[in-house]
Amino acid sequence: MKPPEGVELRVRRSADELSNLDARRLRRAFKAMMQVSDDRGYQHWAGIHGLPMPIHGHHGQLSFLPWHRAYLLNFETALREFESGVTLPWWDWGGYASRQRGIPSLYSEFFVEGERNPLYGAEIPAGEWSDAPEEAPASTTREPNPPEALPTDKEVERLLQIPDFPTFADQLEMVHNHVHVWVGGTNSSVPYASYDPFFWTYQASIDRIWWLWQQAHSEVEPQSEFAEQPLAPFGVSVADVWDATPLGYSYANRRARPTGFRAGAASDRPSTADELNFADYAQAFAEIIASPQTTPPLTIGIYGSWGIGKSSLLQMIAEEFPEPDQAGSDGGDPDEIKVHVVQFNAWEYSSSEMIWPSLVRRIMEQMEAAAQWGYFSRLADTFKRNLARLWRRQRNRLVAILAVVAPLAVLAIWKLDFDPAVIGAAVVAIGIPGLIKLGAEAASNPVSRWAGALVDQEEYGNELPYMREIHSDLSFLVRQMGGDAETGPAAEEPSGGPRILVMIDDLDRCEPEKAVEVLQAINLLLDFRVFVVCLGIDARIITAAVDAHYKEVLGDAGASGFEYLDKIVQIPFLIPTASELEVKSFIEAQMPVSAPAEASELTAMIDAPTGGDEVASGDGDYGPKLRASSVPDPNGSESPPEDLTTFDRVEVEGFQDLAPFVNRNPRHIKRLINVYRMVRTLAARRGVDAILDDPRMTIAWIAICAQWPYTVSLMLKAFEVVAEGVDRDGEYPAGDPLPWLFERVKGDVDPAAQSEIDCEIPDLEKLLNQTEMSWEELRIVQAYTLNFNPAIEKALQQAPASA
């Protein structure tokens, strides 16, 4: 359900999952509210629940949950007046982090970033109240029990299975009372509990459990009399707060801290999933390739830098043309132009002496498979062509042999008195097996295997006669497919016959000489009305290869490799740079989000809490300590390990926030995500909370290091100097560390090195200014700095020593 129009849906997150930015906002809001003494101030809002009289809370009543929902909502709204964007966190007492540490560090640390933490505690102005008990506390206190005594996920699951609201509300209030008692100190006393800043967090946890119960029991609505019950002093009724969504908030699914996990990484293989909005491109090219108005031969150039998505687009184009047996039992529309696809990755053949003969062989194999001939026709045609071919290959050797053998035979008959009948029998005995072998070889080898034999002998293409022979074979196969074998000016009219779509990828990763030879083969051999070639290349690399190969020819003519490529490619297409929105969509596709836990998936069930618990009275305590039956078995299992191949929304949004700054190359984005997977895995192994607790900060740091490694390296050299001073004197410089360090090294930068190695510097400045990070956090996160550019070391050696 969506909130009403105009209502912003905010998400309450676990206190263990707040980013540094959100934690700072929360502290600032509490601090500002505590400094106000009127009805906007903290003492006013805390006093609604506790002293002074009357004490509210609806404890022990059916309206207990709705009243506290209204209370939290009003307090959160008042808090946002001091710091927009703040939401109340909830306490994940059943999660791994809390069950290891107890009260979250957000509330348990007395000093944070050099000043007193306003979430640690608050004053209780009880001395001003005439009805306050004697020896009333002056400030809040906590006396937490061992973490193992907290309620478990299993107990929460048991609550979520209760079908009727009155029973559920009664049982949840018992859990609520136990949590108050567990925190201890002033939190176990109704008059004073609400003065502790931590109160709002564990009350949000109770509201979250009710929210989860409502997701699983959406059919339950309050009875009319109960629905109309007023919730003083907020001026609303139970019905007004029954559904949280119209109130504008929901709760985030938690990401448990794993005790064991499986890490993962994404591959760089081409994908046919439309992660880059390439579907329109693929379909447009498919229409051109299969159009009766298209005049092959045609070469399409798919241009782009490495990692931009050329291979994915080629694969998507190829999948627009399923083979006839995949298109349906009838082979599709008989009037439709049949397109047969040949996919060729040039890099796979780069170790060969020559690449282009392998390409020709792959094309011939596809053409033979698509040829329209019967078995005996295929056998006869193949035998005839291969026999002639074998004769041409062997005739020079046979002539040489006859030139030697014939005189010897004459001599033997004349001088040695050999019997001509014996000699004739020997010739027949030797010749018939040879003839049989010759015939068998000619009949069994398809045309494409003949091409392979030539490759094996490194003769294919070395001499002009072989090139002519290949061209002849291709012409023969074109006719067998039912195509038009005309070439040259006579083949300028559109052709409605079958087509061979040749997809050539990774040519730009091959040696320049081999890449140019493939271009020559396209130009010289595939000059038939059935061929459409799609080249996926980085045009900069291929044109440089052409320039190197034809250096003298092109140089003397004043031409360039780009002009050469234009002669071959009839439709050049440069893959556009992804928009900011497309980058966010691509990130979403690369980062599978953990599915929100359904009510029945939290944990296994246990017995319901038993009776014997006291419900807090209007001015009393929250009841006895936790029952022994509520304490989990120390030998029992913790929350199940998390699969770190998935992400939560905070992590996805952390990457999406980088869309204005990130290099919009899909391979680069995949690499950043993979590096983040590795960093969080290492941090989880080592228990580095600063890395895990603030994914946005960690993600931003990884991107900064990856895209501006030279400048970051200088900044970290400067940070080493700062850290040495802090270790000696004890104080960091004033200001945020990243902008401070950037300004510090500006004078040490080599502009040429920075321009060559780093991305755009204005983007770096913007990103540094919006990435909140303390000096201590930088000390931790700098250990996860990853630079892979070898040019950095050389550039740093030339940097001033002061850096």
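We now turn to the structure provided with this report. (Residues numbered from 1 in each chain as written. Predicted model: local features only at pLDDT ≥ 70, side-chain atom pairs only at ≥ 80, totals over all residues. Heavy atoms only, no water.)

Section: the pattern of salt bridges
Test applied: For this analysis, a salt bridge means a side-chain nitrogen from Lys or Arg found within 4 Å of a carboxyl oxygen belonging to Asp or Glu. Here a helix means four or more residues in a row that DSSP labels H or I, a strand means two or more in a row labelled E, and each is numbered from the N terminus.
Inspection of every chain in the model, using the stated rule, returns 25 salt bridges. Between Arg10 and Glu76 there is a salt bridge, with its nearest N and O atoms 2.8 Å apart. Of this pair, Arg10 sits in strand 1 (residues 10-12) while Glu76 sits in helix 3 (residues 64-80); the two residues are 66 residues apart in sequence, bridging distant segments of the chain. One connected set of salt bridges, linked through shared partners, spans Arg10, Arg12, Arg69, Glu76 and Asp207.

With respect to the pairing of strand 10 (residues 531-537)
For clarity, the threshold we go by: The buried label applies to any residue whose accessible area, calculated with a 1.4 Å probe on protein chains only, is under 20% of its type's maximum; exposed applies above 50%, and partly exposed to all values in between. Paired strands, in this sense, are two strands between which DSSP finds at least two bridges. Here is how to tell: hold the view so the strands point away, follow the path from the first strand over the helix to the second, and if it runs clockwise the crossover is right-handed.
Summarising burial for strand 10: 7 of the 7 residues are buried, a large majority. Here strand 10 shows two buried faces, one formed by Phe531, Val533, Leu535 and Ile537 and the other by Val532, Cys534 and Gly536. Sheet topology note: the strand 7 (residues 298-303)/strand 10 ladder contains 6 bridges and is parallel. Among the inter-strand pairings, Thr299 is bridged to a residue of strand 10, identified as Val533. Across 6 bridges, strand 9 (residues 499-505) lies against strand 10 in parallel orientation. Residue pairing in the sheet places Asp505 in a bridge with Gly536 of strand 10. Handedness of the crossover joining strand 9 and strand 10 through helix 20 (residues 512-525): right-handed.

Description of the sheet that holds strand 9
Put simply, the test is: A fitted line through C-alpha atoms serves as each axis, taken over the contacting stretch for helices, and the angle formed by two N-to-C directions is quoted from 0 to 180°. Here, two residues are considered to be in contact whenever any of their heavy atoms come within 4.5 Å of each other.
The strand order across the open sheet built from 5 strands is 8-9-10-7-11, with neighbouring strands paired in parallel fashion. What marks the edges here is a single partner per strand, and that holds for strand 8 (339-345) and strand 11 (571-574). Along the sheet, successive strands turn relative to each other by an average axial angle of 15°, direction set aside. By the bridge criterion, 7 bridges tie strand 8 to strand 9 in an arrangement that is parallel. The residue of strand 9 that forms the bridge with Phe344 is Ile504. Packed onto the sheet, helix 20 meets strand 7, strand 9 and strand 10 and runs at close to 160° relative to strand 10.

Focus on helix 25 (residues 649-656)
The test is simple: What qualifies as a polar contact is a pair of N or O atoms within 3.5 Å, subject to a donor-acceptor requirement within protein and to the restriction that residues adjacent in sequence count only when both atoms come from side chains.
Among the 8 residues of helix 25, 6 are classified as buried, and the element is accordingly described as predominantly covered. Along helix 25, the residues classified as buried are Val650, Glu651, Val652, Gly654, Phe655 and Gln656. On the buried face of helix 25, the contacting elements are helix 24 (580-590), helix 26 (666-686) and helix 28 (695-707). With a side-chain oxygen positioned 3.1 Å from the backbone nitrogen of Val650, the residue opening helix 25 is Asp648.

Observations regarding a nonpolar patch on the surface
To keep things clear, this is the line we draw: A patch consists of residues exposed above 30% relative accessible area that lack any salt bridge, with like charges linked at up to 9 Å and nonpolar side chains (Val, Leu, Ile, Met, Phe, Trp, Tyr) linked at up to 5 Å. Per-residue and other accessible areas were derived by the Shrake-Rupley procedure at a 1.4 Å probe size, with only the shown protein chains allowed to occlude residues.
A grouping of Phe110, Phe111 and Tyr120 is seen on the molecular surface, where their side chains present a nonpolar patch of about 310 Å² in accessible area. Within the fold, Tyr120 resides in the loop between strand 3 (115-116) and helix 6 (153-160). The class for Tyr120 is partly exposed, based on a relative accessible area of 35%.

Observations concerning unusual backbone geometry
Geometrically, the link from Ala232 to Pro233 is a cis peptide bond, its omega value of 5° lying close to zero. Going from Pro296 to Pro297, the amide bond is cis rather than trans, its omega being 5°. Mapped onto the secondary structure, Pro297 falls in the loop between helix 12 (279-290) and strand 7. Backbone geometry at His58 places phi at a positive 55°, although glycine is not the residue there. Its place among the elements puts His58 in the loop between helix 2 (42-49) and helix 3. With a relative accessible area of 15%, His58 lands in the buried category. With phi around 55°, Glu113 is a residue other than glycine that occupies positive phi space. Secondary-structure assignment places Glu113 in the loop between strand 2 (111-112) and strand 3.

Details of the environment of Gly304
By secondary structure assignment, the location of Gly304 is in the loop between strand 7 and helix 13 (310-318). For Gly304, a relative accessible area of 8% gives the class buried. Sequence spacing of Gly304 and Phe573 is 269 residues, and the spatial spacing of their C-alpha atoms is 8.6 Å. Beyond its immediate chain neighbours, meaning those up to four positions away, Gly304 contacts Lys310, Ile537, Asp538 and Leu574.

Looking at the packing of helix 25 against helix 28
Worth spelling out the cut-off: In this scheme the crossing of two helices becomes right-handed for a clockwise turn of the near helix relative to the far one and left-handed for an anticlockwise turn of less than a right angle. Three categories are distinguished: nonpolar for Ala, Val, Leu, Ile, Met, Phe, Trp, Tyr, Cys and Pro, charged for Asp, Glu, Lys and Arg, and polar for the others, with Gly belonging to the last.
Contact geometry for helix 25 and helix 28: axes closest at 9 Å, N-to-C directions at 35°. When the axes of helix 25 and helix 28 are compared, the crossing they make is right-handed. Packed against helix 25, whose contacting residues are Val650, Glu651, Glu653, Gly654 and Phe655, the element helix 28 presents Pro695, Arg696 and Ile699 at the interface. Taken together, the residues that form the contact of helix 25 with helix 28 break down as 4 nonpolar, 1 polar and 3 charged.

Comments concerning the packing of aromatic side chains
Let me state the cut-off plainly: Pairing of aromatic rings covers Phe, Tyr and Trp, the last counted by its six-membered ring, and requires centre-to-centre distances within 6.5 Å; plane angles under 30 degrees mean stacked, over 60 mean edge-to-face, and any other angle means tilted. Charge-over-ring contacts are defined here by two conditions on Lys NZ or Arg CZ: a distance within 6 Å of the ring centre and an angle within 35 degrees of the ring normal.
Tallied over the entire structure, the rule returns 38 aromatic pairs. The interplanar angle of 5° and the centroid separation of 3.7 Å between the aromatic rings of Phe75 and Trp200 together place this pair among those described as stacked. Of this pair, Phe75 sits in helix 3 while Trp200 sits in helix 9 (residues 199-216), and the two are 125 residues apart along the sequence. The exposure class assigned to Trp200 is buried, which follows from its relative accessible area of 0%. A centroid spacing of 5.0 Å and a plane angle of 85° characterise the contact between Phe110 and Tyr120, whose relative ring orientation is edge-to-face. Of this pair, Phe110 sits in the loop between helix 5 (105-108) and strand 2 while Tyr120 sits in the loop between strand 3 and helix 6, and the two are 10 residues apart along the sequence. Take Phe110: its relative accessible area is 38%, and that puts it in the partly exposed class. Here the basic side chain of Arg12 rests over the ring of Tyr249, its NZ or CZ set 3.8 Å away from the ring centre. Over the aromatic face of Trp210 sits the side chain of Arg69, whose NZ or CZ is 3.8 Å from the ring centroid.

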